[in-house]
Amino acid sequence: MTEMIKMNGIQAINAAMMQAMEADPKVLVLGEDVGDREGGGVTGTMKGLSTKFGTERVKSTPISEQAIMGAAIGAAMAGYKPVAEIMMMNFTTVCMDMIVNHAAKLRFMSGGQTSVPLTIRTLTGAGWQTAGQHSDFFEGWFAHTAGIKVVAGSNPADLKGLLLSCIDDPDPCIFIEGGMTLFAPGEVAADQGPIPLGKAKVVVPGTDVTIVSWSAQVLRCQMALQGLAEAGISAELIDLRTISPWDRECVLESVAKTGRAMIVHEAVRSFGPGAEIAATINEELFGQLKKPVKRLGAPECPVPFAKVLEDAYIVQPADIVAAAVEMMG
Amino acid sequence: MTEMIKMNGIQAINAAMMQAMEADPKVLVLGEDVGDREGGGVTGTMKGLSTKFGTERVKSTPISEQAIMGAAIGAAMAGYKPVAEIMMMNFTTVCMDMIVNHAAKLRFMSGGQTSVPLTIRTLTGAGWQTAGQHSDFFEGWFAHTAGIKVVAGSNPADLKGLLLSCIDDPDPCIFIEGGMTLFAPGEVAADQGPIPLGKAKVVVPGTDVTIVSWSAQVLRCQMALQGLAEAGISAELIDLRTISPWDRECVLESVAKTGRAMIVHEAVRSFGPGAEIAATINEELFGQLKKPVKRLGAPECPVPFAKVLEDAYIVQPADIVAAAVEMMG
Amino acid sequence: MAELSNAAKPDGKALVDIYRRMLRVERNDDAIRATLRRGRLQMPYYSARGQEVIPAAISHLLNRDDQICTIYRGIQDMVAKDMPLKPLWAEIAGRVDGTCKGKGGPMHLTYPDMGIMVTTGIVGSSMPIANGLAWAAQLDGSKKVVVAYFGDGAANIGAFHEALNMAAAWKLPVLFVCANNGFAEHTRFEDGTAVDFISKRAAGYGMPGYTVDGNDADDMYAHASAAIDRARSGEGPTLLECKTFRFLGHVLGDDDFYMDKAVKAAAMEADPLPALRARLIAEGHATEEELAALQASLEAEIAEAQEFGLNSPPPSLDELRRDVFAEEMPA
Amino acid sequence: MAELSNAAKPDGKALVDIYRRMLRVERNDDAIRATLRRGRLQMPYYSARGQEVIPAAISHLLNRDDQICTIYRGIQDMVAKDMPLKPLWAEIAGRVDGTCKGKGGPMHLTYPDMGIMVTTGIVGSSMPIANGLAWAAQLDGSKKVVVAYFGDGAANIGAFHEALNMAAAWKLPVLFVCANNGFAEHTRFEDGTAVDFISKRAAGYGMPGYTVDGNDADDMYAHASAAIDRARSGEGPTLLECKTFRFLGHVLGDDDFYMDKAVKAAAMEADPLPALRARLIAEGHATEEELAALQASLEAEIAEAQEFGLNSPPPSLDELRRDVFAEEMPA
Ligand SMILES: Cc1ncc(C[n+]2csc(CCOP(=O)(O)OP(=O)(O)O)c2C)c(N)n1
Ligand SMILES: Cc1ncc(C[n+]2csc(CCOP(=O)(O)OP(=O)(O)O)c2C)c(N)n1
Ligand SMILES: [Mg+2]
Ligand SMILES: [Mg+2]
């Protein structure tokens, strides 16, 4: 039996990085404060890497996100596998050109002559009272961008396995680290290897309603499970893990069975990623649904600072239970 | 009777600017090449403004989109009504921080103490063989961003009226100029005033299927009307005009009547703006639809250069007819 | 590096006022940290302890309607500009009487009534927006000046470059005030910045640039005076690189493993606050008693503000629908 | 402004090769324009007529595996680097034999086999990516150098600043080559740029920067040699501001209303192409006959490429599903 190790998301990401850098000398790391002299990343996910693999492969950068992404893109085109950190997801807005017009498009625009095997790691999530400019989930933007994969784990084992796959992947991936998922503990197999991209996971099987979620919201869905059970609702919880390309088969199969679907994400509900999943379920299972697909996401406003407002902004376990109860009614 | 003047989209936008700047000395213009010495904008929409209103109110800028947006935001906060041009929509990626983290959020984050009555004008659209970095429709990104309105006209009268409303609006608006709509001629009332934001227009009434579209795709939908008629299909064509906040009432009322809905946009289909509209229709009219809502958008790839590929990339009138025929079957 | 040809000197009254502003900043910072320690506030907090001279000298020279755009570490810039402390405390506590009704918090404090226009959490973004405010002032003919505060790390981001070039090209009345505290989070200045003095970058925009001792009231006063005069008279922007040191790490709780211990110890030893206090007394600009009274009155003001803020009620959930747009969002 | 201490001089053979590259660029540009006029090509076209010395001198000094990142106006940079013309023509015609299978077109031509790595349509974006290629070369220990081509207008965008600072901080083997043709689209250099010489900005990154006569083969050769030597020996990047003039407007069809007529006429009068030709003959580096033969052979190569390109079939619609990712998208 493989040994299981208890760790949190930070340690899991660190383990993935250690493993990837050990296995392949082409794997590089760059970003603000990622070197050990600077603390190995703001959350410590990169700790020990520069000490072990050298400051040539693990580079702390100036605060220059366009230059960070450009350096990563160029190195990736030249055969390296850079893992570039954009400290918080809101800061992708200062380097969207590099990500969207270049990383995501160079393979296509060059007719396949060049490729960008790049991983962008970025942290986000409400719940820390960091307010309007440090908490946004923009996975919907990137999912709407052809040529880049969008990945987000919810537990240490998945974070490790998915990050390994992103690094291996021949194309750009954005790997989203939901703040809550970094601190939640879990069990990780000592030999945990890559987990395929594009494959969802049924976290809990159920028969009444399918709940599709990802990143930190999977944790809040899990917190809702007891309430759901108390309400006599058998929920099937799916952790999408890869938002683009997403696992249509897994979701559709589940909803075909339950007849009810709910999507729960932290991003703003309007024009959010849940809309694609809802629209697809409606297209593919037209006439087979017992209830309209429900989408739970943030209200249309920036992330507020005050704790009471922030709590109300995030879809909470109680909201999930209430929505499911309504669907069963 | 009001005099009707024949003009194209460029002239309509120019007329709106002339009218707005004349009426309100607080209206400003800035962007690359917008002054008359530089030609009054790449498409000539700003022609004559600097000559008439002076180069203090109409400023050609360096190629510095972050500085352009910053200058516009600051001036807007100070009580001006700047109209900032980001030459092409793909270039919004170099100033997304200014738009998304600042323009859209400052009113909320300041608790209403400051506001940003700013209009961003930007051109885009496939069909000109400008390939992967000059043709993208990103309206879905901005619609998914709280605090900014997303507007796109399809004909000269609407372009003029909507632009006037954007300029008047107390909040940031992004006004998208679909390339095709700039060159298509139309009739504009000499006294055409503001057209309210958030209000769609039924372009053609019909009973069989509701087609929701905006910007250049409204023109391609109109080209499809004859084919639809020949196929015996009575289509109700709705020009959304404002993508966010969109006119749910108008769309839902129409679909309640026709029982069939199709959304046609130029943006990539996956995780695109059509998904929100489709999801909403399904939520609100559950059980009342005769067919699943159809979404026609671009395939998941960058905009290609070769004419044959570009033509295949864009949803064409024939695709619209074929989709409607299938829905009637 | 450029040298000022004509260095204005602060008189005794000016020095006392600069000290008053520094002390207001420092006492308030101390109160915030104490309150955080006691668990009565929750927020990420970026102390500027040690950097007080910079905003104190500048604010002394600014008019009430001159404007500032600042950053996450900018509470000192507001307090030095005499922002009332009650709405500040209510805001950092996330309460309805906060200047932003609790919606912005410490990273987005705003108080237009005293020219505190933008606080941003995005490195570099104070500068382009300051330009816009300055452009408006130029159009108004109001003679207002605008200060963009930022750090040394921010001098490496694109927005800095675009903003300085545009400000110079348009002769905007802006002061670009860089608090060079030697670190960008944990990264040393020299590891991220390819030039020894940020002020040298000004030449690339045809703009005057100076490296100033940001812990020295005379030096700050002289350079800020010159820059403000220049801006007010329509000659355009100035870049001031103000050398200083951040005593308490990047964010509260951050230890100092990345700092050279001796350098840090020396910097703290040279704390500008007691130094200026001693000088005021030595030079006869103020007495011990006056300064003690000043301190007492500031502490009373702060204590009152703190009580006010912490006792203010939380905002109503309706606030999520307000201020997204001018018109309230539908429920 | 900096002056080179030790200016390498091109010998006769070098000058002839530089001329050959210039002529290849110019003849090809002429053929593209003629083909556009005849309606056999449709595309936005950004001619670099008049700017040929810059890429010709640089390409003469580059190795085949040295790399470039260029811009929408960069066809000249590729042709000067001896990119084969058949896949180039097929690409600008949007055909399957194009180097990008017709998917990139003129604004995104790519030919890694000869180091043509990125062509971008986004102003400023050639620079950050060039850094990454150079970082890889540095890690490989390959001694490759990378050239980032861009225009004067691009020197005002944030990416320029970030890229130059990082390249200098990391001592990357990059040449930042700015073709200063005096205009950004229709905006005059001096209206958008707050400094008289872009090369002055180099000092802000502790990097050597030179303003070079971009129409003079000797001056270009000397500065490019020094910059390439510096990069190859691991000393880091250089900024070259190469002054030149764009004869044919921003995009084909653009008239010249925004240009001073006399300045334009003088620039065209001083066309560097016939000037260098005359010099080669006058200095005895080549004969009339040799240059005529060179021209004939280039024209034949171009004509053949043109026929090849225009007769290549269009790509299959399946191409929309290919190269989005390594794995083909499902139909
Ligand atoms: C665009 C962007 N990148 C990164 C960050 C994360 N970050 C916050 S503060 C900081 C360091 C800034 O250093 P400096 O400009 O020197 O200011 P200081 O904190 O020293 O006052 C960083 C990297 C950010 N907020 N915005
Ligand atoms: C980020 C961005 N902004 C604006 C444009 C539109 N644009 C294309 S070329 C150009 C002018 C560039 O001038 P310069 O850098 O001097 O190069 P040149 O065209 O003269 O060779 C502009 C503004 C763009 N492509 N990208
Ligand atoms: Mg600092
Ligand atoms: Mg130019």
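None of the values given here were measured: they were computed from a predicted structure.

(A) Just the overall build of chain C, in detail. If you tally the helices and strands in chain C, you get eleven helices and eight strands. In terms of overall size, chain C behaves like a compact globule, its C-alpha atoms giving a radius of gyration of 19 Å where 331 residues would be expected to give roughly 20 Å. Counting only C-alpha atoms and orienting by the principal axes, one finds that chain C spans roughly 55 × 50 × 40 Å. In chain C, which comprises 331 residues, the proportion classed as buried is 65%. Here the analysis covers contacts within chain C between residues at least 6 apart in sequence; of these, 74% occur between residues at least 24 apart. Accessible surface, chain C: about 10,900 Å² in total, of which carbon and sulfur atoms supply 51%.

(B) Highlighting the sheet that holds strand β11 (residues 235-239) of chain A. Residues and elements named next belong to chain A. In spatial order, the strands read β9-β11-β10-β13-β14; together these five strands make up an open sheet with mixed pairing. Each edge of the open sheet carries a strand with a single partner, namely β9 (201-204) and β14 (294-298). Each adjacent strand pair in this sheet contributes to an overall mean axis angle of 25°, direction not counted.

(C) Main features of the interface of chain B and chain A. Each side of the interface is counted separately: chain B has 52 residues, and chain A has 51 residues. Note on chain B versus chain A: buried area summed over both sides is about 4,500 Å², and carbon and sulfur give 62% of it. Per-residue buried area on chain B facing chain A is highest for Trp141(B), His144(B) and Phe271(B); these three make up 20% of the total on that side. Across the chain B-chain A interface, the total number found is eight salt bridges. Between chain B and chain A we count 27 residue pairs in polar contact (both at pLDDT 80 or more) in total. Counting residues per element, the ones that place at least two in the side of chain B that touches chain A are α4 (96-103), α5 (106-109), α6 (139-143), β12 (242-244), β13 (261-268) and α11 (273-284) of chain B. The element best represented in the side of chain B that touches chain A is α11(B), accounting for eight residues.

(D) A look at the site of ligand 2. The environment of ligand 2 is formed by 21 residues, the closest being Glu65(B), Arg73(D), Gly121(D), Asp152(D) and Gly153(D). Proximal residues around ligand 2 fall on chains B and D, making this an inter-chain site. For ligand 2, an oxygen atom lies 2.7 Å from a polar atom in the side chain of Arg73(D). In this structure, Val123(D) approaches ligand 2 through a main-chain N or O atom, which is 3.0 Å from a nitrogen atom. A total of 580 Å² of accessible area belongs to ligand 2 in isolation, and the protein chains cover 97% of it. Split into classes, the residues belonging to the shell around ligand 2 amount to ten nonpolar, five polar and six charged.

(E) Spotlight on the relation of the copies chain B and chain A. Taken as rigid bodies, chain B and chain A are interconverted by a rotation of 180° and an axial shift of 0.0 Å, the fit giving an RMSD of 0.0 Å. Viewed as a symmetry operation, the transformation between the two copies matches a two-fold axis. A share of 98% of the interface residues of chain B reappears at the interface of chain A, consistent with the copies meeting face to face through the same patch.

(F) Structural detail: the domain arrangement of chain A. All names here are of chain A. The domain boundaries assigned to chain A delineate domain 1 (4-189) and domain 2 (201-328). The straight-line distance from the C-alpha centre of domain 1 to that of domain 2 is 26 Å. Contacts between the two partners involve 28 residues from domain 1 and, on the opposite side, 26 residues from domain 2. Carbon and sulfur atoms make up 58% of the area that domain 1 and domain 2 hide from each other, which totals about 2,200 Å². The largest share of the area that domain 1 buries against domain 2 comes from Gln129, Phe137 and Met180, three residues that together contribute 28% of it. There are two salt bridges connecting domain 1 and domain 2. One salt bridge connects Asp158 with Arg241, and the closest N-O pair in it is separated by 3.1 Å. One can count 14 residue pairs in polar contact (both at pLDDT 80 or more) joining domain 1 with domain 2. Elements supplying a minimum of two residues to the side of domain 1 that touches domain 2: α6 (139-143), β6 (149-152), α7 (156-168) and α8 (179-183). When residues of the side of domain 1 that touches domain 2 are assigned to their parent elements, the largest contribution, four residues, is made by β6.

(G) Broad picture of the coordination of the magnesium ion (ligand 3). All names here are of chain C. Coordination of the magnesium ion (ligand 3) by the protein is provided by Asp152 (OD), Asn181 (OD1) and Phe183 (O), with metal-donor distances spanning 2.0 to 2.2 Å. Counting the intervening residues between successive donors of the magnesium ion (ligand 3) yields the motif D-x28-N-x1-F. Separated by 31 residues along the polypeptide, Asp152 in the loop between β3 (146-151) and α6 (158-169) and Phe183 in strand β5 (residues 183-184) bring together distant segments of the chain. Exposure remark for Asp152: the relative accessible area of 2% places this residue in the buried category.

(H) Representation of the site of ligand 1 within the structure. Around ligand 1, the surrounding shell holds 21 residues, and the nearest of these are Glu65(A), Arg73(C), Gly121(C), Asp152(C) and Gly153(C). Contact between ligand 1 and Tyr72(C): an oxygen atom at 2.8 Å from a side-chain N or O atom of the residue. A distance of 2.8 Å separates an oxygen atom of ligand 1 from a polar backbone atom of Gly153(C). Here ligand 1, which alone exposes 580 Å², has 97% of that area covered by the protein. When its residues are assigned to classes, the shell around ligand 1 shows ten nonpolar, five polar and six charged.

(I) Summary view of the interface of chain A and chain D. With 41 residues of chain A at the interface, the matching set in chain D holds 37 residues. Summed over both partners, the interface of chain A with chain D comes to about 3,200 Å²; 70% of that surface belongs to carbon and sulfur atoms. It is Phe108(A), Met109(A) and Gln113(A) that lose the most area in chain A upon contact with chain D, and together they represent 20% of the buried surface on that side. Viewed at the interface, chain D and chain A are joined by 13 residue pairs in polar contact (both at pLDDT 80 or more). Of all the secondary-structure elements, those providing two or more residues to the side of chain A that touches chain D are β2 (27-31), β3 (58-60), α3 (65-77), α4 (96-103) and α5 (106-109) of chain A. Take the side of chain A that touches chain D: its biggest share by element is ten residues, from α3(A). Taken together, the residues of the side of chain A that touches chain D break down into 19 nonpolar, 14 polar and eight charged.

Calculation rules
- Numbering of residues begins from 1 in every chain and follows the order in which that chain's sequence is written.
- Chain A is the first chain written and ligand 1 is the first ligand written, with later ones labelled in order.
- Whole-chain, interface and lining totals are the exception, using all residues; otherwise, since this is a predicted model, local features are given only for residues with pLDDT of at least 70 and side-chain atom pairs are given and counted only at 80 or more.
- As a rule here, side-chain values come from all non-hydrogen atoms in the structure, and water together with hydrogens is ignored.
- Note on conventions: DSSP H or I runs of at least 4 residues are helices, E runs of at least 2 residues are strands, and numbering of each starts at the N terminus.
- Just to be clear, the radius of gyration here is over C-alpha atoms, and the globule rule we use is 2.2 Å times residues to the power 0.38.
- Only protein chains enter the accessibility calculation, which uses a 1.4 Å probe. A residue is then buried if its area is under 20% of the maximum for its type, exposed if over 50%, and partly exposed in between.
- Throughout, a residue-residue contact means that at least one pair of heavy atoms, one from each residue, lies within 4.5 Å.
- Using a 1.4 Å probe, the Shrake-Rupley method yields the accessible areas, and only the shown protein chains count as cover for residues.
- Here a strand pair is declared whenever DSSP counts at least two bridges between the two strands.
- Every axis in this analysis is a line fitted to C-alpha atoms, fitted for helices over the stretch in contact. Angles between the N-to-C directions lie between 0 and 180 degrees.
- Note on terms: buried area is the combined drop in 1.4 Å-probe accessible area of two parts once they are placed together, counting the loss on both.
- The term salt bridge refers to a side-chain nitrogen of Lys or Arg lying within 4 Å of a carboxyl oxygen of Asp or Glu.
- Here a polar contact means two N or O atoms within 3.5 Å. Within protein one must be a hydrogen donor candidate and the other an acceptor candidate, and residues neighboring in sequence count only if both atoms are side-chain atoms.
- Here a residue is near a molecule or strand as soon as one of its heavy atoms is found within 4 Å of it.
- Residue polarity is assigned by list, with Asp, Glu, Lys and Arg as charged and Ala, Val, Leu, Ile, Met, Phe, Trp, Tyr, Cys and Pro as nonpolar; anything else, Gly included, falls into the polar class.
- When the copies are overlaid, the least-squares fit takes in C-alpha atoms only where the residue has pLDDT of at least 70 in both copies.
- Here the limits of each domain have been adopted from an automatic or database domain assignment.
- Counted as donors are N, O and S atoms no farther than 2.8 Å from the metal, or 3.2 Å for Na, K and Ca; water is not among the atoms, and sites may therefore look incomplete.

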